[in-house]
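Secondary and tertiary structure notes
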Amino acid sequence: MSTIELEKQITAGPVLDGHRPKATSLSGKILIGVTGGIAVGLSIVCYPFVAPALRRHCLPFVPATPNQIRNVLSFVKPAHSGSKLLDIGSGDGRIVIAAARAQPSLKADGVELNPWLVYYSRLAALRNGVFSRTSFVRKDLWKFSLAPYDHIVIFGVEQMMVDLEKKVLREVAPGTTIIACRFPFPTLKTEQRIEEGVDSVWVYRPASQQNFNRQAV
C-alpha cells in the first residue's frame, strides 16, 4: 500500500461492519453550529429570568391587569408634593408609570431584580413622558430600604409574605400606605380591601411605629 493510499484510509476513518461512516456534510456542520448558537443565546437571555427563582424567595413576573392598576391607584392619594411611591417587584414598570401619570406631584420608584425588565421600564417611562419623575433600580428587595416612601405597592408571592411583613414592620414610617396585591400579610390588620380575585388588593396604614413594632413581637 502506498503512502498516499494509507493517508486516504486514515483520513476517511475506520471501517465498521464493512461500512465506512459518511463524513458530516457542510450543511450538517452549519446546522449544528446554528443550533448551538441558538442554545447559547437562549441561555444568556433567559438566565436573568431564571436566576431569581434560585433564590430563597422570588418574585415571578406576572403583569398587573388594568383592573388591578385601577384598584391600586384608588388608594394612591399623595398628601403633599414630595410624596414618594415604591413598587416592590416592579416588573415592566406599569404600576410606577400609571401612578406617575395619575399623580403629577408624585415621585414613583420601582425595585426589580431582573435587569431586562428594569431597562424596559426605563424606556417605557420615557415613552410615556414620566421619565423625570420615575426611577427603576435593579436591586434585591431585601437590601432595599422602605423608609423614604409613604406609598408602597407590593406584588409578592404567598411564601414570602411572612418575611416581607417583618421587613415592613422594621422599616416603614408611621402613616405609610401599604398596598398588597394578590396576597395579604399574614397578621397585619387590614384597613381597606378590594376583593376581586387575582386583582384583589389589601391596604394597611400603621398608626404609629411603636404600635406597629408591638405587633411584630
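Residues numbered from 1 in each chain as written. Predicted model: local features only at pLDDT ≥ 70, side-chain atom pairs only at ≥ 80, totals over all residues. Heavy atoms only, no water.

Going by an unreviewed UniProt entry, the chain carries the name Methyltransferase domain-containing protein and comes from Anopheles epiroticus. Per UniProt, the chain has the following entry under Sequence similarities (unreviewed entry): "Belongs to the ANT/ATPSC lysine N-methyltransferase family." (UniProt positions renumbered as here; feature names shortened; annotations may be inferred.)

Here we come to the overall build of the chain. Of regular secondary structure, the chain possesses 7 helices and 7 strands. A separation threshold of at least 6 residues defines the contact pool for the chain, and within that pool the share at least 24 residues apart is 68%. (Helix = DSSP H or I, 4+ residues; strand = E, 2+ residues; numbered from the N terminus. Contact = heavy atoms within 4.5 Å.)

Once that is clear, we can look at the pattern of salt bridges. Scanning the model with the defined rule gives 5 salt bridges in all. Of the charged contacts, one joins aspartate 109 and lysine 107 as a salt bridge, the two residues approaching to 2.5 Å between their closest N and O atoms. Since its relative accessible area comes to 6%, aspartate 109 is described here as buried. On the basis of relative accessible area, lysine 107 is assigned to the partly exposed category, the value being 27%. In this structure, lysine 167 and glutamate 171 form a salt bridge, with 2.9 Å as the shortest nitrogen-oxygen distance. Of the two residues, lysine 167 and glutamate 171 both sit in helix α6 (residues 161–171), 4 residues apart, roughly one turn of that helix. On the basis of relative accessibility, which here comes to 1%, the residue lysine 167 falls in the buried class. (Salt bridge = Lys/Arg side-chain N within 4 Å of Asp/Glu carboxyl O. Buried < 20%, exposed > 50% of the residue type's maximum accessible area, 1.4 Å probe, protein only.)

Let us now look at the environment of isoleucine 95. You can see isoleucine 95 is positioned in helix α4 (residues 94–102). With relative accessibility at 3%, the residue isoleucine 95 sits in the buried group. Residues contacting isoleucine 95, with those up to four places away along its chain left out, are Ala64, Ile69, Val72, Asp87, Val153 and Phe155.

Another point: unusual backbone geometry. What is expected of a backbone is that most residues other than glycine have negative phi and most peptide bonds are trans. Residues other than glycine seldom take positive phi values, yet arginine 182 does so here, at roughly 75 degrees. Residue position: arginine 182 is located in the loop between β5 (177–181) and β6 (192–194).

In terms of burial, β5 is a largely internal element, 5 of the 5 residues being buried. Here β5 shows two buried faces, one formed by Thr177, Ile179 and Cys181 and the other by Ile178 and Ala180. Of the strand pairs in this sheet, strand β4 (residues 151–155) and β5 are connected by 5 bridges, and their pairing is parallel. Bridge assignment links valine 153 to a residue of β5, and that residue is isoleucine 179. Handedness of the β4-α6-β5 crossover: right-handed. As paired elements, β5 and strand β7 (residues 201–204) share 4 bridges and run antiparallel to each other. Directly across from alanine 180, in β7, lies its bridge partner tryptophan 202. (Pairing = 2+ DSSP bridges. Right-handed = clockwise from strand over helix to strand, strands pointing away.)

On to the confidence of the model for the chain, then. Across the chain, the average pLDDT comes to 78, with 67% of residues at or above 70. For the stretch residues 6–11, pLDDT sits under 50, and the model shows 3 contacts to residues farther than four places along the chain or on other chains. A low-confidence stretch, residues 208–217 stays under pLDDT 50, and its non-local contacts, those more than four residues away or across chains, total 16 contacts. (pLDDT = per-residue confidence, 0-100.)

Another point: the environment of glutamate 171. Relative accessible area serves as the criterion here: at 23%, glutamate 171 is assigned to the partly exposed category. For the pair glutamate 171 and proline 148, spaced 23 residues apart in sequence, the C-alpha separation works out to 9.1 Å. Once you skip the residues sitting within four places of it in the chain, glutamate 171 turns out to touch Phe144, Ser145, Leu146 and Ala147. Polar side-chain contacts of glutamate 171 include one of 2.9 Å to the backbone nitrogen of leucine 146. (Polar contact = N/O pair within 3.5 Å; in protein donor to acceptor, adjacent residues only side chain to side chain.)

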